[in-house]
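Overview (structure and organization)
Chain residues, written in single-letter form:
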Amino acid sequence: MNDSYLEFANSTLGGRITGLLGLPQPTPLERYQAGQPVIKGPVLVGAGGAPELLDPLADMFARIGAQTLAHRSLPQWTSVANAAGLLTGRWGGEDVESGGGVRLKGLLFDATGLADVGQSEAVYKFFHDAARSLLPCGRIVIIGRPPQECDDPRQATVMRALEGLTRSLGKEVKRGANANLVYLTRGAEPQLESTLRFLLSPRSAYVSGQVVRIGKAADGDAAVIDWDAPLAGRKVLVTGAARGIGAAIAEVMARDGAQLVLLDVPQAAQDLEAVAARLGGSALALDIAAADTPQDLLGAALADGGWDVVVHNAGITRDKTIARMRPDQWQSVVNINLAAQERINDAMVQGGGLRAGGRIVCVSSISGIAGNMGQTNYAFSKAGVIGMVQSHAPALALRGTTINAVAPGFIETQMTAAVPFAIREAGRRMNSMGQGGQPQDVAEAIAWLASPASGGINGNVVRVCGQSLIGA
Ligand SMILES: NC(=O)c1ccc[n+]([C@@H]2O[C@H](COP(=O)([O-])OP(=O)(O)OC[C@H]3O[C@@H](n4cnc5c(N)ncnc54)[C@H](O)[C@@H]3O)[C@@H](O)[C@H]2O)c1
C-alpha cells in the first residue's frame with residue numbers, strides 16, 4: 001500500500017507546507033538492490049579503552065570494500081586500515097583539516113575495549129563529533145561484549161549502558177538513519193561479518209535500536225560464501241508465500257540465490273503458483289495447521305534431499321477483545337501462528353528434513369512484545385513464537401541448527417491496509433523513521449538470519465519496526 005503522506009512531504013510543495021506547519025518529514029528509505037555496494041560512502045571508525053576488534057574489522061572492511069576514516073581518538077585505525085589496503089584518512093571535530101566537509105555514511109564504534117564507565121568519554125567524543133556529519137540513511141553500529149560474559153561487573157555495566165546509548169542515537173539521528181548494537185562473544189569474531197554487512201547496508205533500512213547477540217557458531221566455522229549470492233545452493237521453504245511479506249521473502253531469497261519451495265493455503269494456490277513460476281521455485285498448496293502437514297512437509301523435504309532453511313511466515317489475525325472473541329477466533333490464530341510452527345519444527349528436526357547447518361526463521365510481531373488492544377489471541381501466539389525461539393535455540397545449536405525470529409512493526413501489506421485509518425496513521429508515524437516498513441525490509445532481515453554465514457546468531461529476536469515506540 002502507498003504512503004501518500006510520505007510522497008506529499010517529499011514533494012516540493014508538500015515539503016514547504018509540512019515544514020511550515022512543523023509536521024513530520026519522513027525521509028524515503030534507501031533499499032538494497034542486487035549488485036549495489038554494501039555501503040555507499042565512508043565509514044568513520046572509533047573505539048574506546050583497549051579495542052579488541054581492530055584487526056578483524058580491518059579485514060572485514062577490506063572484503064566489504066568500504067572506505068574508512070579514523071576518528072581522532074583512534075589513530076591506531078590509520079595504520080591497521082592501511083595495512084589492510086583500505087583507503088583511509090583521519091577525521092575529527094577539532095581536526096578540521098582532515099574532517100571538515102567529509103560526510104559520513106557509517107559510524108562504527110568498537111566498544112569491546114571499554115573496561116568501565118570511567119572510559120565512556122571516548123563514546124561521547126566520537127558521536128558528538130560525528131553525529132551531524134551522518135548522511136541521510138546513514139548507519140551506526142556499536143560493538144560490545146555481552147554483559148553476562150564480562151568477568152568484571154564494571155565492564156558488564158558499561159557494556160549494558162551501550163543499549164541506552166544505541167536506542168537514543170536511533171531516535172536522534174533521523175533522516176532515515178539507524179543505530180544498532182552488537183554484543184559479540186569473545187572468540188566469535190569470524191561470525192561478525194554477515195551481521196556487519198547487513199547492518200551497514202540498505203538491507204537494514206527498517207531495523208533500528210536493536211541488539212544483536214552473536215556467539216560462536218552453531219555449525220562450526222563461519223561458512224565461506226559468495227556474498228553476492230549468500231543463499232546459493234540452499235533449499236528454502238517459505239510459508240504464506242502467495243502474497244505480502246511471504247512473497248517478498250521469496251523474492252529476496254531468490255535474488256540471494258536460494259532454491260525455493262513456496263507454501264500457502266489451497267485457496268491461494270493461483271497466486272502462489274504465479275510467485276513460484278516467476279522465481280523458479282516449486283509450489284505446495286497446503287494448510288500448515290492441517291494434521292498431516294508436518295509429515296507431508298517432512299516427506300517432501302526428504303524426497304528433495306533435505307532443506308536448509310524453514311521460514312515460518314504464514315500468519316493470521318482475528319481481532320476482537322477477549323470478552324467478544326469466539327473460541328474459534330482464539331484457536332485458529334494460536335494453531336496457525338504458533339502450534340503449527342512447533343509441530344513442523346519437531347517433524348523436520350527429528351525426521352532429518354532439515355540438513356546440517358539448518359536455519360529456522362520465524363515471524364513474530366511487536367504485538368507479541370507490547371501486547372495490543374483486541375489482539376490477545378495474536379499477541380499470545382506471537383509472544384509464544386519468541387518463547388519457542390528462545391527455548392529451542394540451545395538444543396538446536398547442538399545439531400548445528402539455528403532458530404531466530406523477526407518481529408515486524410507496521411509493514412505496508414494487505415494485513416495493515418485493513419486497519420482503520422487513524423490507527424494505521426499512528427502505526428506508520430510512531431517510529432524513528434516516521435513511516436511504515438516495506439515487506440522487503442522484513443525479507444532482508446530474514447535472509448540475513450538464514451545465511452550460512454549467520455551461524456553465530458541463535459535465539460535472537462530482531463524487531464523490524466523502524467524503532468517503533470510500541471513496546472520499545
Ligand atoms: N503486515 C504487518 O504489518 C505485520 C506486522 C507484524 C507481523 N506480521 C506477520 O507477518 C506475517 C505475514 O504477514 P502479511 O502482512 O504478509 O499477511 P498476509 O495476510 O498478507 O499474508 C499471509 C499469508 O499467509 C497465508 N496463510 C494464512 N494461513 C495459512 C495457513 N494455515 N497455511 C498456509 N498459509 C497460510 C495467507 O494465505 C497469506 O498468503 C504474518 O505472520 C504476520 O502475522 C505482519
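Residues numbered from 1 in each chain as written. Predicted model: local features only at pLDDT ≥ 70, side-chain atom pairs only at ≥ 80, totals over all residues.

Helix and strand counts for the protein chain come out as 17 helices and 14 strands. Taking 23 Å as the expected radius of gyration for a compact globule of 472 residues, we find that the protein chain reaches 22 Å, a close match to that expectation. Referenced to the eigenvectors of the C-alpha coordinate spread, the extents of the protein chain come out at roughly 65 × 55 × 45 Å. Relative to its 472 residues, the protein chain shows a buried fraction of 52%. A separation of at least 24 residues holds for 75% of the contacts in the protein chain among residues at least 6 apart in sequence. (Helix = DSSP H or I, 4+ residues; strand = E, 2+ residues; numbered from the N terminus. Rg over C-alpha atoms; globule rule 2.2 N^0.38 Å. Buried ≥ 20, exposed ≤ 12 C-beta atoms within 10 Å, placed from the backbone. Contact = placed C-beta atoms within 7 Å.)

The next point concerns the sheet that holds strand β11 (residues 307-312). Read across the sheet, seven strands follow the order β10-β9-β8-β11-β12-β13-β14 without closing on themselves; strand pairing throughout is parallel. Every other strand in the sheet has two partners, leaving β10 (282-285) and β14 (461-464) as the edge strands with one partner each. Each adjacent strand pair in this sheet contributes to an overall mean axis angle of 20 degrees, direction not counted. Pairing of strand β13 (residues 402-408) with β14 involves four bridges; the strand directions are parallel. For V406, the partnering residue across the bridge sits in β14 and is V462. (Pairing = 2+ DSSP bridges. Axes fitted to C-alpha atoms, helices over the stretch in contact; angles between N-to-C directions.)

Below, the discussion takes up the site of the ligand. Neighbouring the ligand are 27 residues; G240, G244, G315, T413 and M415 lie closest to it. Of all the secondary structure elements, the ones that give two or more residues to the shell around the ligand are α9 (244-255) and α15 (414-417). Tallied by class, the residues present in the shell around the ligand amount to 14 nonpolar, ten polar and three charged. (Near = placed C-beta within 6 Å. Nonpolar A, V, L, I, M, F, W, Y, C, P; charged D, E, K, R; others polar.)

Another aspect to go through is unusual backbone geometry. Not every positive phi belongs to a glycine, and C137 is a case in point at roughly 60 degrees. With respect to the helices, strands and loops of the structure, C137 is situated in strand β5 (residues 134-144).

Glancing now at the nonpolar core. A general feature of soluble globular proteins is that nonpolar side chains tend to end up buried together. The biggest cluster of nonpolar side chains holds 133 residues, and the ones touching the most others in it are V236, V238, I249, M253, L262 and I446. Looking at which domains feed residues into this core, each of domain 1 (31-214) and domain 2 (235-464) supplies at least three. Every residue in contact with V238, bar those within four places of it in the chain, is listed here: G246, I249, A250, M253, L260, L262, L263, V311 and N313. (Core = buried A, V, L, I, M, F, W, Y, C linked by C-beta atoms within 7 Å. Domains from an automatic or database assignment.)

With their axes 9 Å apart at the nearest point, helix α11 (residues 293-303) and helix α12 (residues 327-350) run at an angle of 35 degrees to one another. Handedness of the crossing formed by α11 with α12: right-handed. Residues T293, P294, Q295, L297, L298 and A301 of α11 touch α12, and the partners they reach there are R343, I344, A347 and M348. Among the residues forming the contact of α11 with α12, the class breakdown is seven nonpolar, two polar and one charged. (Left-handed = near helix turned anticlockwise from the far one by under 90°.)

Further remarks concern the packing of α12 against helix α14 (residues 376-398). Two numbers describe how α12 lies on α14: the axes approach to 8 Å, and their chain directions differ by 15 degrees. One finds that α12 runs roughly parallel with respect to α14. Of the two elements, α12 crosses α14, and the hand of that crossing is right-handed. Contacts from Q329, W330, V333, V334, N337, L338, Q341 and E342 in α12 reach N377, Y378, F380, S381, K382, G384, V385 and M388 in α14. The class makeup of the residues in the contact of α12 with α14 is eight nonpolar, six polar and two charged. (Parallel < 35°, antiparallel > 145°, perpendicular 65-115°, else oblique.)

Under the domain assignment used here, the protein chain contains domain 1 (31-214) and domain 2 (235-464). Taking the mean C-alpha position of each, domain 1 and domain 2 sit 31 Å from one another. In this complex, domain 1 contributes 22 residues to the contact, which on the side of domain 2 involves 19 residues. Contributions of two or more residues to the side of domain 1 that touches domain 2 are made by α7 (153-173), α8 (192-200) and β7 (211-214). At four residues, the largest contribution of residues to the side of domain 1 that touches domain 2 is made by α8. Here the side of domain 1 that touches domain 2 is built from residues that sort into nine nonpolar, eight polar and five charged.

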